[in-house]
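# Chain and residue survey
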Amino acid sequence: MIPIKSSEITPEAVYNSRRQFMKGVGALALGAAALAACGAPADQAAAPASAANPGATAAPAGAARVDELGDPANSVQEITHYNNFYEFTTDKQRVAELAGTLRTRPWTVEVGGLVRNPRTFAIEDILSGFDQEERVYRLRCVEGWSMVIPWLGFPLNKLLAQVEPTSEAKYVRFETLLDPDQMPGQRSPWLEWPYAEGLRLDEAMHDLTLLVTGLYGETLLPQNGAPLRLVTPWKYGFKSIKSIVKIDLIADQPSSLWMIAAPKEYGFYANVNPEVAHPRWSQRSERRIGESGRRETLMFNGYAEEVAGLYAGMDLRKNY
Ligand code: MTE
(Lines give C-alpha, C1' and ligand atoms only; values in the text may rest on other atoms or scores of the structure.)
Protein backbone atom coordinates (compact mmCIF):
# COMPACT_ATOMS: atom_id res chain seq x y z
CA MET A 1 0.00 0.00 0.00
CA ILE A 2 1.12 3.46 -0.78
CA PRO A 3 0.31 6.16 1.77
CA ILE A 4 0.57 8.92 -0.80
CA LYS A 5 -0.72 8.21 -4.26
CA SER A 6 2.07 8.35 -6.79
CA SER A 7 -0.03 10.66 -8.99
CA GLU A 8 0.19 13.30 -6.25
CA ILE A 9 3.96 13.33 -6.07
CA THR A 10 4.76 12.66 -9.73
CA PRO A 11 4.18 15.06 -12.63
CA GLU A 12 1.10 13.97 -14.49
CA ALA A 13 2.87 13.08 -17.76
CA VAL A 14 5.36 10.86 -15.95
CA TYR A 15 2.54 9.33 -13.95
CA ASN A 16 0.54 8.57 -17.08
CA SER A 17 3.45 6.99 -18.89
CA ARG A 18 4.18 4.92 -15.82
CA ARG A 19 0.57 3.81 -15.70
CA GLN A 20 0.95 2.72 -19.31
CA PHE A 21 4.10 0.80 -18.40
CA MET A 22 2.47 -0.88 -15.46
CA LYS A 23 -0.47 -1.85 -17.62
CA GLY A 24 1.91 -3.41 -20.15
CA VAL A 25 3.97 -5.56 -17.86
CA GLY A 26 1.52 -5.72 -15.02
CA ALA A 27 4.40 -5.20 -12.63
CA LEU A 28 4.21 -3.55 -9.28
CA ALA A 29 7.27 -1.38 -9.65
CA LEU A 30 7.43 -0.56 -5.98
CA GLY A 31 9.81 -1.31 -3.18
CA ALA A 32 8.45 -3.19 -0.20
CA ALA A 33 8.95 -0.17 2.00
CA ALA A 34 6.57 1.87 -0.14
CA LEU A 35 3.77 -0.64 0.20
CA ALA A 36 0.85 -0.33 2.52
CA ALA A 37 -2.09 -2.64 3.04
CA CYS A 38 -4.67 -0.29 1.51
CA GLY A 39 -3.16 1.83 -1.21
CA ALA A 40 -5.28 4.94 -1.56
CA PRO A 41 -5.01 8.20 0.29
CA ALA A 42 -7.99 8.63 2.57
CA ASP A 43 -9.19 11.75 0.80
CA GLN A 44 -9.13 10.23 -2.68
CA ALA A 45 -12.51 10.62 -4.38
CA ALA A 46 -14.17 7.50 -5.75
CA ALA A 47 -13.94 6.85 -9.47
CA PRO A 48 -16.44 8.59 -11.71
CA ALA A 49 -19.05 6.50 -13.40
CA SER A 50 -17.61 4.43 -16.22
CA ALA A 51 -18.58 1.91 -18.86
CA ALA A 52 -19.31 -1.79 -18.97
CA ASN A 53 -20.31 -3.31 -15.67
CA PRO A 54 -23.43 -5.37 -16.18
CA GLY A 55 -23.64 -6.66 -12.62
CA ALA A 56 -23.43 -3.17 -11.27
CA THR A 57 -26.08 -1.61 -13.45
CA ALA A 58 -28.50 -4.42 -12.69
CA ALA A 59 -28.40 -3.73 -8.97
CA PRO A 60 -30.85 -1.39 -7.27
CA ALA A 61 -29.76 2.05 -6.06
CA GLY A 62 -27.70 2.32 -2.89
CA ALA A 63 -30.14 4.51 -1.02
CA ALA A 64 -32.39 1.58 -0.15
CA ARG A 65 -29.84 -0.08 2.13
CA VAL A 66 -28.55 1.23 5.46
CA ASP A 67 -26.33 -0.31 8.10
CA GLU A 68 -27.52 -0.83 11.67
CA LEU A 69 -26.19 2.62 12.62
CA GLY A 70 -28.46 4.19 10.00
CA ASP A 71 -25.72 5.03 7.49
CA PRO A 72 -26.61 4.50 3.82
CA ALA A 73 -24.76 1.95 1.72
CA ASN A 74 -22.26 3.27 -0.79
CA SER A 75 -23.32 3.15 -4.42
CA VAL A 76 -22.65 0.16 -6.64
CA GLN A 77 -20.36 2.40 -8.66
CA GLU A 78 -18.24 3.30 -5.61
CA ILE A 79 -18.07 -0.27 -4.34
CA THR A 80 -17.12 -1.75 -7.71
CA HIS A 81 -14.78 0.98 -8.98
CA TYR A 82 -12.67 1.83 -5.96
CA ASN A 83 -10.90 -1.38 -5.04
CA ASN A 84 -7.78 -2.95 -3.67
CA PHE A 85 -6.66 -6.05 -5.51
CA TYR A 86 -2.87 -6.07 -5.74
CA GLU A 87 -2.88 -9.13 -7.98
CA PHE A 88 -3.99 -6.77 -10.77
CA THR A 89 -2.76 -3.27 -9.97
CA THR A 90 -2.07 -0.89 -7.13
CA ASP A 91 -4.33 1.69 -8.77
CA LYS A 92 -7.74 1.37 -7.12
CA GLN A 93 -9.53 3.06 -9.93
CA ARG A 94 -8.26 0.57 -12.54
CA VAL A 95 -8.94 -2.68 -10.69
CA ALA A 96 -12.39 -3.09 -12.25
CA GLU A 97 -10.98 -2.78 -15.74
CA LEU A 98 -7.95 -5.04 -15.22
CA ALA A 99 -9.63 -7.72 -13.10
CA GLY A 100 -12.57 -8.00 -15.48
CA THR A 101 -10.95 -10.87 -17.39
CA LEU A 102 -10.48 -13.13 -14.35
CA ARG A 103 -11.96 -16.55 -15.13
CA THR A 104 -14.19 -17.54 -12.24
CA ARG A 105 -15.46 -20.81 -13.78
CA PRO A 106 -14.52 -23.56 -13.26
CA TRP A 107 -13.58 -22.69 -9.67
CA THR A 108 -12.99 -24.93 -6.71
CA VAL A 109 -12.28 -24.27 -3.06
CA GLU A 110 -10.24 -26.91 -1.26
CA VAL A 111 -11.02 -27.11 2.45
CA GLY A 112 -8.72 -29.33 4.47
CA GLY A 113 -6.00 -29.61 7.07
CA LEU A 114 -7.06 -30.54 10.59
CA VAL A 115 -10.57 -31.66 9.70
CA ARG A 116 -12.42 -34.95 9.79
CA ASN A 117 -14.05 -34.44 6.46
CA PRO A 118 -11.83 -32.64 3.91
CA ARG A 119 -13.73 -31.47 0.85
CA THR A 120 -13.19 -29.72 -2.43
CA PHE A 121 -16.24 -27.60 -3.17
CA ALA A 122 -17.14 -26.57 -6.70
CA ILE A 123 -18.30 -22.96 -6.58
CA GLU A 124 -21.71 -24.09 -7.84
CA ASP A 125 -22.08 -26.30 -4.75
CA ILE A 126 -21.23 -23.36 -2.50
CA LEU A 127 -23.79 -21.16 -4.23
CA SER A 128 -26.55 -23.76 -4.05
CA GLY A 129 -25.57 -25.50 -0.82
CA PHE A 130 -25.62 -22.54 1.58
CA ASP A 131 -28.48 -20.06 2.06
CA GLN A 132 -27.24 -16.70 0.86
CA GLU A 133 -28.27 -13.73 2.99
CA GLU A 134 -27.69 -10.00 2.76
CA ARG A 135 -25.60 -8.29 5.46
CA VAL A 136 -24.93 -4.55 5.33
CA TYR A 137 -21.46 -4.10 6.85
CA ARG A 138 -18.98 -1.27 7.19
CA LEU A 139 -15.59 -1.89 5.52
CA ARG A 140 -12.73 0.11 7.06
CA CYS A 141 -9.45 0.13 5.16
CA VAL A 142 -6.29 0.40 7.26
CA GLU A 143 -5.37 3.58 5.38
CA GLY A 144 -8.34 5.53 6.60
CA TRP A 145 -11.20 5.25 4.14
CA SER A 146 -14.41 3.31 4.59
CA MET A 147 -17.58 2.20 2.84
CA VAL A 148 -20.89 0.60 3.72
CA ILE A 149 -21.48 -2.51 1.60
CA PRO A 150 -24.55 -4.77 1.29
CA TRP A 151 -22.83 -8.13 0.94
CA LEU A 152 -24.51 -11.35 -0.08
CA GLY A 153 -23.08 -14.46 1.53
CA PHE A 154 -23.25 -16.90 4.41
CA PRO A 155 -21.43 -17.43 7.71
CA LEU A 156 -18.07 -19.19 7.31
CA ASN A 157 -19.03 -21.34 10.31
CA LYS A 158 -21.63 -23.12 8.13
CA LEU A 159 -18.94 -24.30 5.73
CA LEU A 160 -16.54 -25.20 8.55
CA ALA A 161 -19.26 -27.31 10.17
CA GLN A 162 -19.38 -29.47 7.05
CA VAL A 163 -15.66 -30.29 7.18
CA GLU A 164 -15.66 -30.81 10.98
CA PRO A 165 -12.48 -29.27 12.41
CA THR A 166 -10.63 -31.56 14.82
CA SER A 167 -9.75 -30.47 18.37
CA GLU A 168 -6.18 -29.68 17.21
CA ALA A 169 -7.43 -27.01 14.79
CA LYS A 170 -6.84 -23.55 16.30
CA TYR A 171 -6.52 -21.29 13.23
CA VAL A 172 -7.86 -20.98 9.72
CA ARG A 173 -5.65 -20.00 6.79
CA PHE A 174 -7.02 -18.71 3.48
CA GLU A 175 -5.32 -18.47 0.11
CA THR A 176 -6.13 -16.56 -3.08
CA LEU A 177 -5.72 -18.07 -6.54
CA LEU A 178 -2.07 -18.10 -7.74
CA ASP A 179 -2.05 -17.49 -11.49
CA PRO A 180 0.40 -14.82 -12.69
CA ASP A 181 -0.87 -15.19 -16.27
CA GLN A 182 -4.25 -13.95 -15.16
CA MET A 183 -3.01 -11.88 -12.24
CA PRO A 184 0.08 -10.03 -13.50
CA GLY A 185 0.62 -8.26 -10.18
CA GLN A 186 1.76 -11.64 -8.84
CA ARG A 187 4.97 -11.15 -10.82
CA SER A 188 5.93 -8.44 -8.35
CA PRO A 189 8.88 -9.66 -6.29
CA TRP A 190 7.98 -7.34 -3.39
CA LEU A 191 5.14 -9.39 -2.07
CA GLU A 192 4.98 -13.08 -1.27
CA TRP A 193 2.25 -14.65 -3.37
CA PRO A 194 -0.34 -16.01 -3.23
CA TYR A 195 -2.18 -13.52 -1.00
CA ALA A 196 -2.81 -15.31 2.28
CA GLU A 197 -4.73 -14.41 5.41
CA GLY A 198 -5.67 -16.06 8.67
CA LEU A 199 -8.11 -16.02 11.54
CA ARG A 200 -8.18 -17.64 14.95
CA LEU A 201 -10.74 -20.46 14.91
CA ASP A 202 -13.15 -18.60 17.24
CA GLU A 203 -12.98 -15.52 14.97
CA ALA A 204 -13.67 -17.73 11.98
CA MET A 205 -16.64 -19.33 13.75
CA HIS A 206 -18.13 -15.95 14.76
CA ASP A 207 -21.47 -15.26 13.15
CA LEU A 208 -20.29 -11.91 11.72
CA THR A 209 -17.60 -13.65 9.64
CA LEU A 210 -18.94 -14.15 6.14
CA LEU A 211 -17.99 -15.96 3.00
CA VAL A 212 -19.26 -13.58 0.35
CA THR A 213 -20.55 -14.45 -3.12
CA GLY A 214 -22.27 -11.21 -4.11
CA LEU A 215 -23.23 -7.65 -3.29
CA TYR A 216 -26.35 -5.59 -3.84
CA GLY A 217 -28.13 -8.86 -4.58
CA GLU A 218 -25.93 -9.57 -7.61
CA THR A 219 -23.12 -12.06 -8.24
CA LEU A 220 -19.76 -10.78 -7.04
CA LEU A 221 -17.64 -9.08 -9.70
CA PRO A 222 -13.93 -9.94 -10.08
CA GLN A 223 -12.76 -6.61 -8.64
CA ASN A 224 -14.56 -7.41 -5.38
CA GLY A 225 -13.06 -10.89 -5.10
CA ALA A 226 -15.22 -13.17 -7.23
CA PRO A 227 -16.28 -15.84 -6.95
CA LEU A 228 -15.72 -16.18 -3.17
CA ARG A 229 -14.14 -13.85 -0.61
CA LEU A 230 -13.96 -13.44 3.13
CA VAL A 231 -15.46 -10.48 5.03
CA THR A 232 -14.58 -9.77 8.68
CA PRO A 233 -16.19 -6.36 9.31
CA TRP A 234 -14.48 -5.58 12.65
CA LYS A 235 -11.02 -5.99 11.12
CA TYR A 236 -9.16 -3.79 8.64
CA GLY A 237 -10.15 -4.51 5.06
CA PHE A 238 -6.94 -6.32 4.15
CA LYS A 239 -8.08 -9.32 6.22
CA SER A 240 -11.01 -9.76 3.81
CA ILE A 241 -9.13 -11.93 1.32
CA LYS A 242 -10.47 -12.17 -2.23
CA SER A 243 -10.88 -14.97 -4.80
CA ILE A 244 -10.26 -17.80 -2.34
CA VAL A 245 -9.17 -21.25 -3.59
CA LYS A 246 -7.93 -22.85 -0.37
CA ILE A 247 -9.00 -22.91 3.27
CA ASP A 248 -6.88 -24.84 5.77
CA LEU A 249 -7.52 -25.62 9.42
CA ILE A 250 -4.18 -25.53 11.21
CA ALA A 251 -2.65 -25.67 14.69
CA ASP A 252 -0.33 -22.64 14.65
CA GLN A 253 -0.92 -18.97 13.91
CA PRO A 254 -0.35 -18.44 10.18
CA SER A 255 1.47 -15.53 8.58
CA SER A 256 -0.35 -13.31 6.13
CA LEU A 257 0.98 -11.57 3.03
CA TRP A 258 1.06 -8.21 4.84
CA MET A 259 2.67 -9.58 8.00
CA ILE A 260 5.49 -10.93 5.83
CA ALA A 261 5.79 -7.73 3.75
CA ALA A 262 5.83 -5.30 6.69
CA PRO A 263 5.81 -7.05 10.08
CA LYS A 264 6.10 -3.83 12.09
CA GLU A 265 3.07 -2.35 10.36
CA TYR A 266 0.65 -5.26 10.01
CA GLY A 267 -0.10 -7.78 12.71
CA PHE A 268 -2.13 -10.96 12.73
CA TYR A 269 -5.25 -9.54 14.40
CA ALA A 270 -5.69 -6.25 12.49
CA ASN A 271 -8.76 -5.33 14.53
CA VAL A 272 -10.02 -1.81 13.79
CA ASN A 273 -8.80 0.21 16.76
CA PRO A 274 -8.73 4.03 16.90
CA GLU A 275 -6.40 3.84 19.94
CA VAL A 276 -3.60 2.06 18.12
CA ALA A 277 -1.96 4.14 15.42
CA HIS A 278 -0.41 2.62 12.34
CA PRO A 279 3.34 3.38 12.63
CA ARG A 280 2.93 5.95 9.83
CA TRP A 281 -0.52 7.46 10.51
CA SER A 282 -3.28 7.80 13.10
CA GLN A 283 -6.30 5.50 13.01
CA ARG A 284 -8.57 7.88 14.95
CA SER A 285 -10.60 8.97 11.96
CA GLU A 286 -11.61 7.90 8.50
CA ARG A 287 -13.24 9.23 5.37
CA ARG A 288 -16.37 7.51 4.18
CA ILE A 289 -16.11 7.30 0.40
CA GLY A 290 -18.61 9.76 -1.02
CA GLU A 291 -18.39 12.12 1.97
CA SER A 292 -16.13 15.13 2.30
CA GLY A 293 -15.37 15.37 6.03
CA ARG A 294 -13.88 12.77 8.32
CA ARG A 295 -15.66 10.56 10.84
CA GLU A 296 -14.37 9.17 14.08
CA THR A 297 -13.28 5.58 13.74
CA LEU A 298 -15.22 3.26 16.04
CA MET A 299 -13.64 0.53 18.17
CA PHE A 300 -13.86 -2.76 16.29
CA ASN A 301 -15.40 -0.70 13.47
CA GLY A 302 -18.63 -0.39 15.51
CA TYR A 303 -18.97 -4.13 16.20
CA ALA A 304 -17.53 -4.10 19.74
CA GLU A 305 -20.70 -5.43 21.31
CA GLU A 306 -20.48 -8.52 19.13
CA VAL A 307 -16.74 -9.19 19.12
CA ALA A 308 -14.97 -7.55 22.09
CA GLY A 309 -15.42 -10.77 24.08
CA LEU A 310 -13.14 -12.60 21.66
CA TYR A 311 -10.22 -10.51 22.93
CA ALA A 312 -10.98 -10.36 26.67
CA GLY A 313 -7.75 -10.13 28.66
CA MET A 314 -5.59 -9.51 25.59
CA ASP A 315 -3.34 -6.47 25.21
CA LEU A 316 -4.60 -5.03 21.95
CA ARG A 317 -1.52 -2.81 21.61
CA LYS A 318 0.71 -5.85 21.47
CA ASN A 319 -1.74 -7.97 19.52
CA TYR A 320 -2.34 -5.43 16.77
N1 MTE B 1 -7.44 -9.84 -1.36
C2 MTE B 1 -6.52 -10.11 -2.29
N3 MTE B 1 -6.39 -11.36 -2.74
N4 MTE B 1 -5.68 -9.14 -2.80
C5 MTE B 1 -5.74 -7.85 -2.34
O6 MTE B 1 -4.97 -7.00 -2.81
N7 MTE B 1 -6.83 -6.28 -0.81
C8 MTE B 1 -7.44 -6.18 0.52
C9 MTE B 1 -8.72 -6.99 0.61
N10 MTE B 1 -8.56 -8.31 0.03
C11 MTE B 1 -6.72 -7.53 -1.34
C12 MTE B 1 -7.58 -8.56 -0.90
C13 MTE B 1 -7.69 -4.81 0.94
S14 MTE B 1 -6.31 -3.89 1.35
C15 MTE B 1 -8.94 -4.29 1.07
S16 MTE B 1 -9.20 -2.76 1.75
C17 MTE B 1 -10.12 -5.03 0.57
O18 MTE B 1 -9.77 -6.26 -0.05
C19 MTE B 1 -10.86 -4.19 -0.43
O20 MTE B 1 -12.04 -4.82 -0.86
P21 MTE B 1 -12.90 -4.14 -1.98
O22 MTE B 1 -12.02 -3.80 -3.12
O23 MTE B 1 -13.97 -5.13 -2.34
O24 MTE B 1 -13.50 -2.89 -1.35
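Reading the values: the criteria
- Residue indices begin from 1 for each chain and proceed along its sequence in written order.
- Local features in this predicted model are restricted to residues of pLDDT 70 or higher, and side-chain atom pairs are both shown and tallied only at a pLDDT of 80 or more, whereas totals for entire chains, interfaces and linings draw on every residue.
- Computation of side-chain values: all heavy atoms of the structure, hydrogens and water removed.
- Numbering of helices and strands runs from the N terminus, with a helix taken as a DSSP run of H or I at least four residues long and a strand as a DSSP run of E at least two residues long.
- The cut-offs for exposure are 20% and 50% of the maximum accessible area for each residue type, with area from a 1.4 Å probe on protein chains only; residues under the lower value are buried, those over the upper are exposed, and the others partly exposed.
- Only heavy atoms matter for contacts: two residues are in contact if any of them lie within 4.5 Å across the pair.
- Per-residue and other accessible areas follow the Shrake-Rupley method at a 1.4 Å probe size, with only the shown protein chains counted as cover for residues.
- By definition, two strands form a pair when at least two bridges between them are found by DSSP.
- Axis definition: a line fit to C-alpha positions, over the contact stretch in the case of helices; interaxial angles, taken between N-to-C directions, run 0 to 180 degrees.
- For this analysis, a ring pair means two rings from Phe, Tyr or Trp (six-membered ring only for Trp) whose centres lie within 6.5 Å, classed as stacked if their planes differ by under 30 degrees, edge-to-face if by over 60, and tilted for the remaining angles.
- By the criterion adopted, a ring carries a charge over it if an Arg CZ or a Lys NZ lies within 6 Å of its centre and within 35 degrees of its normal.
- By arc we mean the arc of the directions from the helix axis to the C-beta atoms, nothing more.

So, about the overall build of the protein chain. Along the backbone of the protein chain there are 10 helices and 12 strands. Relative to its 320 residues, the protein chain shows a buried fraction of 57%. Put simply, of all contacts in the protein chain between residues at least 6 apart along the chain, 73% involve residues at least 24 apart. As presented, the protein chain carries roughly 13,200 Å² of accessible surface, and 54% of it is formed by carbon and sulfur atoms.

With that settled, consider unusual backbone geometry. Cis geometry marks the peptide bond from Arg105 to Pro106; its omega dihedral reads -10°. You can see Pro106 is positioned in the loop between helix 5 (95-99) and strand 1 (108-113). A cis amide bond links Trp193 with the next residue in sequence, Pro194, at an omega value of 0°. Relative to the helices and strands, Pro194 resides in the loop between strand 5 (171-176) and strand 6 (196-200). Residue Ser243 is not a glycine yet carries a positive backbone phi of 45°. Note that Ser243 resides in the loop between strand 9 (229-231) and strand 10 (244-250). Residue classification places Ser243 among the buried residues on the basis of a relative accessible area of 0%.

Of the pairings in the sheet, the one linking strand 1 to strand 2 (residues 119-122) comprises four bridges and is antiparallel in character. Bridged to Val111 within strand 2 is Arg119. Once strand 1 ends, the chain turns through five residues before running back antiparallel as strand 2. Where strand 1 lies against strand 10, four bridges are found, and the strand directions are parallel. Across the sheet, residue Gly112 finds its bridge partner in strand 10, namely Asp248.

Right, let's get into the sheet that holds strand 10. Strand order in the open sheet made by the five strands is 2-1-10-5-6, with mixed pairing throughout. The open sheet has two edge strands with one neighbour each: strand 2 and strand 6. Along the sheet, successive strands turn relative to each other by an average axial angle of 15°, direction set aside. With six bridges joining them, strand 5 and strand 10 adopt antiparallel strand pairing. Following the sheet pairing, Phe174 is matched in strand 10 by Ile247. The sheet contacts of helix 7 (residues 156-163) involve strand 1, strand 2, strand 5 and strand 10, and relative to strand 2 the element is tilted by about 135°.

Scanning all chains against the criterion turns up 12 aromatic pairs. Grouped by ring-pair contacts, the aromatic residues Tyr171, Phe268, Tyr269, Phe300 and Tyr311 constitute a single cluster. Directly above the aromatic system of Tyr82 lies the positively charged group of Lys92, at a separation of 5.6 Å from the ring centroid. It is Lys239 that lies over the ring of Phe268; its NZ or CZ is 4.5 Å from the centre.

Moving on to the side chain of Ser256. With respect to the element layout, Ser256 can be found in the loop between strand 10 and helix 9 (257-261). Ignoring anything within four residues of it in the chain, the contact list for Ser256 reads Ala196 and Glu197.

Our next topic: helix 7. An α-helical turn contains 3.6 residues, so any two residues separated by three or four positions project in the same direction. Among the residues of helix 7, Leu156, Asn157, Leu159, Leu160 and Val163 are the ones counted as buried. Seen end-on, helix 7 carries its buried residues on one side only, within an arc spanning 160°. One or two residues past the end of helix 7 sits Glu164, with phi positive at roughly 55°.

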